[in-house]
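# Fold and contact review
Listed here are the chains, written in short residue letters.
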Amino acid sequence: MEILKIYSKLNRLNAGVALDEENMIIRLPCYGMTAYINGEFQPEIEMEYNCRRYRKNFNNIDSLYVFLSGVLSGEFTFSQVDRANIAVNGFSPVSNENLKKRRIVRAVFNTVIGLPLAVFGLLLAVVGVMFNVDYSSPSLLLELCPLPLAIGMTVAGVSMIHHGFTKKPIAKCSALAYGIGVVFISFGLTMLMVTYGETDEIALPDLIALTFMFVFCLAVGAAMVVCSLIYNGREYSEASQFIIKRIPYRLTSEEITLLIDKIKEKTVTEAIEITLAPFGNMGITDSKLGGLHYWDASMSYPKNMYFLAQFNLSQLPETKKLPREGMLQFFSDCEENCKVVYHKKIDPYFTEETALSLGIQAVTNSDIIPFEGECGFEFRLTEMFADQFDEFSGNIVLDAARELGFEVEDDITLDELPYESDTSGHHLFGYPCFAQYDPRETDGKYNTLLFQLDSEMSERFTIVWGDFGVADFFVNDKDLEALNFDDVFFTWDSY
């Protein structure tokens, strides 16, 4: 019935209004706008602006009528605040009954207090001070000293009355600051007049000190009054805009499938999946985890580091990211420091005896490194896709959606889609996983995963980082191309 009443009123004002009687929806075709009562029994409008849909509900039916009639008459204008919001300029919602009652109570209360205060202050200023002062007296300042207090009372009373009847009352914090500021100003002026009315009886140092103190009081009061008015004006200039929020666009299941396929297409990368093989080849120059390992005697051995793993590149699946010969070794203090060493050539005559003669020892203490003993590797070349924990996949959804011409929210992320990408486990390259969060900076310096060693507890082998966490080695893609591993970022975290 309320929708029908509004339609009847609007139809008399403008012929460009239509009614969908079956669904009880008012339509304004020229404005791409519809009005209805939503499922929560609130008046609501939907509208199109700059090729996007927006929605807003109202507190009462009167506000809806004022809004629609103002739109039809051109009284209200719209402006784009940002991609998600538009502002209606010139519109103020109609207060409901509770707000009207509060406004009446505020007006009565402020008038009862403010009117006597203003009248008493005015009488005190005019009758009590100005009519009874001897303007030829040498102590004129002393006789006029009650005047600032009287004026302050008058200003405070008038302000209370204004606050009681205005449609936009001062915020509580602003009102409090304003009142205290008026008191400070009145007090400061009064005490300055008292001080300079008795200068003959006050020593010069005391006069200077009192002057500074009361001028400071006066300045503080003035600053509080000015700040309260500026803050309140800004608050209401912002609040006076009626904001209509954009309706989030919901992708269809077909569009979601296309979007996920596009994300995978944009983020697909090679990865070498690693499976632990405790009974595999674990020679001194084989790819393996822990144990005695290869080392070039002409190089300085990493200090304060423990050997974790080595990869004989000739044993890896063929990949464009690494050459087909040489050795890549990973060392770390298992805290935050690491060393990655690339040997271009492997000495075929290097043996365990050679390693021992160089002072190399196998670390077997699991209190130092996350495993005991040594273990071989098996490899498989695979593909991997970015997941939601990768710091460098931030805008991938938005970029993919724009390429497909889909409208999505600017802050949409991968975890809002039914998207799955398993980045756990041990692997070279691909994408990392984290127990907590991605600790890398977003400056792109360490944008490539070099090696991930995950926790594993199985019949094959046991690796445990803290509370079943994961360790990652990162490098810059340009350094990887140049086979430069001097700057590698190491991190591990756990649950």
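Read on for a plain summary of the structure.

What counts and what doesn't
- Residues numbered from 1 in each chain as written.
- Predicted model: local features only at pLDDT ≥ 70, side-chain atom pairs only at ≥ 80, totals over all residues.
- Heavy atoms only, no water.
- Salt bridge = Lys/Arg side-chain N within 4 Å of Asp/Glu carboxyl O.
- Buried < 20%, exposed > 50% of the residue type's maximum accessible area, 1.4 Å probe, protein only.
- Helix = DSSP H or I, 4+ residues; strand = E, 2+ residues; numbered from the N terminus.
- Contact = heavy atoms within 4.5 Å.
- Axes fitted to C-alpha atoms, helices over the stretch in contact; angles between N-to-C directions.
- Parallel < 35°, antiparallel > 145°, perpendicular 65-115°, else oblique.
- Left-handed = near helix turned anticlockwise from the far one by under 90°.
- Nonpolar A, V, L, I, M, F, W, Y, C, P; charged D, E, K, R; others polar.
- Patch = residues over 30% accessible without salt bridge, like charges linked within 9 Å, V, L, I, M, F, W, Y side chains within 5 Å.
- Areas by Shrake-Rupley, 256 points an atom, 1.4 Å probe, with all protein chains shown as cover.
- Expected span 1.5 Å × (residues − 1).
- Arc of directions from axis to C-beta.

With that settled, the discussion passes to the pattern of salt bridges. All told, the structure shown has 14 salt bridges when counted by the stated rule. Here D20 and R27 are joined by a salt bridge, their closest N and O atoms 3.3 Å apart. The exposure class of R27 is partly exposed, given its relative accessible area of 33%. Among the salt bridges present, the one from R440 reaches D438, with a minimum N-O distance of 2.8 Å.

Bringing the environment of R52 into the picture now. On the secondary structure map, R52 appears in strand β5 (residues 52–57). By relative accessible area, which is 18% here, R52 ends up buried. Along the backbone, R52 and R83 are 31 residues apart, and their C-alpha atoms lie at a distance of 9.0 Å. Residue contacts for R52: discarding those within four places in its chain leaves M47, R83, R246 and E407.

Two elements in contact, helix α8 (residues 253–267) and helix α10 (residues 396–404), have axes whose closest approach is 9 Å; the angle formed by their N-to-C orientations is 115°. Here α10 runs roughly perpendicular to α8, going by the angle between their axes. Read as a crossing pair, α8 and α10 show a hand that is right-handed. Contacts between α8 and α10 pair L258, L259, K262, I263, K266 and T267 from the former with I396, V397, D399, A400, A401, E403 and L404 from the latter. Residues of the contact of α8 with α10, tallied by class, amount to eight nonpolar, one polar and four charged.

One non-glycine residue, F41, adopts positive backbone phi at about 60°. Tracing the sequence through the fold places F41 in the loop between β3 (33–37) and β4 (43–49). Given the relative accessible area of 74%, F41 is considered exposed. Phi at F429 takes a positive value of approximately 65°, unusual for a residue other than glycine. Turning to its location among the elements, F429 is positioned in strand β15 (residues 426–429).

Together, L115, V119, L123, V127, M130 and F131 make up a nonpolar patch on the protein surface, roughly 570 Å² of accessible area in all. For L123, the position within the fold is in helix α3 (residues 97–129).

Compared with the 16 Å implied by 1.5 Å per residue over twelve residues, the 17 Å span of helix α1 (residues 2–13) between its first and last C-alpha is a close match. Every buried residue belonging to α1 is among I3, I6, Y7 and L10, and all of these are buried. All buried residues of α1 lie within an arc of 100° about the axis, which places them on one face of the element. Opposite the buried face of α1, by more than 90 degrees, sit the exposed residues K5 and R12. Tucked inside the fold, the buried residues of α1 contact β1 (18–20), β2 (25–28), β3 and α2 (61–73).

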